[in-house]
Amino acid sequence: MSPLHDARLKLRAELEAPPAFRRFGSGWLSGVLGLVLGLAGFLLVLTLRAPGTFTTPEMRGLRDGAWFRFGLHFALLAGFGCSAISMVLRKGKILGGSGVALALLAVLLGGSESTEAVPDPTALTFGLDFFVLRLLFTGFLFIPLERLFAHRGEQHIFRTEWREDLFYFLVSSLMVQILTFLTFGPASSILLIAPLTGLRAWVGGLPMVVQFVAIMFLTDLVQYWVHRTFHRIPWLWKFHAVHHSAQTMDWMAGARMHFFEILALRSTTVIPMFVLGFNPNAVNAYIFVVYLYSTFVHANLNWRFPVIEKLLVTPRFHHWHHGIEKEAVDVNFAIHFPLYDKLFGTYFLPEEKWPGGYGIPGNPVPKGYVEQFKYPFGGGKRTDGSTEKEA
Ligand SMILES: [Zn+2]
Ligand SMILES: [Zn+2]
């Protein structure tokens, strides 16, 4: 076993430590915080050293602001500090040691003062900055909420298959440029054939709130039927089954989605908001809200909204969509308005109850990103080692 592999296993065992080894004062929390901030700082320094390869043009405004470098400086200092505290408190030094090493490496590479060192070879970019900022923002927002208001209190942050879901998060962030480009393909083609100038001007002139709500309704209607089609057609189901293979619901579970399903879902749901000429401000606000909303409905949150849950999709509603129970099969396709499920006969929300578990009976989907990528094309390796021919 190589020392690096050995260190990786030790680090993983530390992150997944049982409750007795992560109680307050054990150096676990400071170690995890230090590691996350050290790694985030190190990756952001890489993006500053090779901006042509690792940055997203859409993030430029944020990156060029004074707060970005101040935040990076703070992350590196805090990462170093937390890791040092963990090294003092904790018997095992791998958590703290890794955080210290990453923060020091980032400083050696230039730290928050880093400037471009690697020229930009192609127009192709990978959203490494997007990954780090998205993960920090979503994690720091949802992890404390999930700790305070957990539906399943015993569920660990580093629960089963957290690495797989984090990898999905990484891939969809790195590929943001390609995904965005391909997402708008069908909508742009429609506009070439039918410019809809008059209608677009009228829609774009509506009050912003009306536009925002209209986008929500139209997008969810398209999403409902695309989603339902993915459940109905066996070949498409194999793509969507990857999303349903998650056996744990939390803020990261929603990231698990086959690359081609992301493309299909996004490129169809953007059609109404792009073709009908909604104001870009309303569209951008919706994209931000739908990201938070889709994270929220997967989250491990026990929040009950007695009246609201009849009108808007809540975690309990979408958790039933992922439920392992028979009654949970092919129900609750909407992601904003349960109204669509009521209208089309797929609504299921028993009073007070939550599903007993999540996933697909028999667990037909193999484990791991690569095997799951290959799964819809047949021949995916099953978890028991055999080769699956048919769903
Ligand atoms: Zn589904
Ligand atoms: Zn889901």
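Residues numbered from 1 in each chain as written. Chains lettered and ligands numbered in written order. Predicted model: local features only at pLDDT ≥ 70, side-chain atom pairs only at ≥ 80, totals over all residues. Heavy atoms only, no water.

*Asks:* Got a minute to help me understand the overall build of the protein chain in this structure?
*Replies:* Check the secondary structure of the protein chain and you find 19 helices and 0 strands. Against the globule reference of 21 Å for 391 residues, the protein chain gives a C-alpha radius of gyration of 22 Å, in line with a compact fold. Across its three principal directions, the C-alpha atoms of the protein chain cover 60 × 45 × 45 Å. In the protein chain, buried positions account for 47% of the 391 residues. Residue pairs in contact within the protein chain that sit at least 24 positions apart in sequence constitute 77% of those at least 6 positions apart. For the protein chain, the exposed area adds up to about 19,200 Å²; of that, 72% sits on carbon and sulfur atoms. Here the protein chain carries 34 positive and 28 negative side-chain charges, and the mean point of each set is 3 Å from the other. (Helix = DSSP H or I, 4+ residues; strand = E, 2+ residues; numbered from the N terminus. Rg over C-alpha atoms; globule rule 2.2 N^0.38 Å. Buried < 20%, exposed > 50% of the residue type's maximum accessible area, 1.4 Å probe, protein only. Contact = heavy atoms within 4.5 Å. Areas by Shrake-Rupley, 256 points an atom, 1.4 Å probe, with all protein chains shown as cover. Lys, Arg positive; Asp, Glu negative; His and termini not counted. Charge placed at Lys NZ, Arg CZ, Asp CG, Glu CD.)

*Asks:* I'm lost on the coordination of the zinc ion (ligand 2) in this one. Help?
*Replies:* For a metal with four tetrahedral donors the ideal donor-metal-donor angle is 109.5 degrees, while six octahedral donors give ideal angles of 90 or 180 degrees. Protein ligation of the zinc ion (ligand 2) involves H243 (NE2), H298 (NE2), H318 (NE2) and H322 (NE2), the donor distances falling in the range 2.1 Å. The site at the zinc ion (ligand 2) holds 4 donor atoms, and with the angles between them running 91 to 160°, its shape is irregular. Sequence spacing of the donors to the zinc ion (ligand 2): H-x54-H-x19-H-x3-H. Highlighted residues: H298 in helix α15 (residues 280-298) and H322 in the loop between α17 (315-321) and α18 (338-343), separated in sequence by 24 residues. (Donors = N, O, S within 2.8 Å, 3.2 Å for Na, K, Ca; no water. Tetrahedral: all angles 85-135°; square planar, octahedral: opposite > 155°, others 65-115°.)

*Asks:* Could you clarify how one ought to interpret the coordination of the zinc ion (ligand 1) in this entry?
*Replies:* Distances from the zinc ion (ligand 1) to its protein donors, H227 (NE2), H231 (NE2), H240 (NE2), H244 (NE2) and H321 (NE2), fall at 2.0 to 2.2 Å. Taken in sequence order, the residues that donate to the zinc ion (ligand 1) follow the motif H-x3-H-x8-H-x3-H-x76-H. Pair noted here: H227 is in helix α12 (residues 208-232) and H321 is in helix α17, with a separation of 94 residues, a long-range link. H321 matches H227 in its accessibility class, with the two residues each being buried.

*Asks:* What's the story with a nonpolar patch on the surface in this structure? I'm lost.
*Replies:* Taken together, the side chains of F24, L29, L33, V36 and F140 present a nonpolar region at the surface, about 520 Å² in accessible area. Take F140: it is sitting in helix α7 (residues 128-148). We classify F140 as partly exposed; its relative accessible area is 48%. (Patch = residues over 30% accessible without salt bridge, like charges linked within 9 Å, V, L, I, M, F, W, Y side chains within 5 Å. Salt bridge = Lys/Arg side-chain N within 4 Å of Asp/Glu carboxyl O.)

*Asks:* Is there a simple way to think about the pattern of salt bridges in this case?
*Replies:* Pairing of side chains with opposite charge becomes possible as their charged atoms draw close. Taken as a whole, this structure holds 14 salt bridges when the rule is applied. Where K374 meets E371, a salt bridge forms, and the shortest distance between an N and an O atom there is 3.5 Å. Of this pair, K374 and E371 are both found in helix α19 (residues 369-374), 3 residues apart, which corresponds to roughly one turn of the helix. Relative accessible area serves as the criterion here: at 17%, E371 is assigned to the buried category. Within this structure, R159, E161, D165, D250, R256 and K367 form a network of salt bridges that share partners.

Nothing here speaks to function; it is all geometry.
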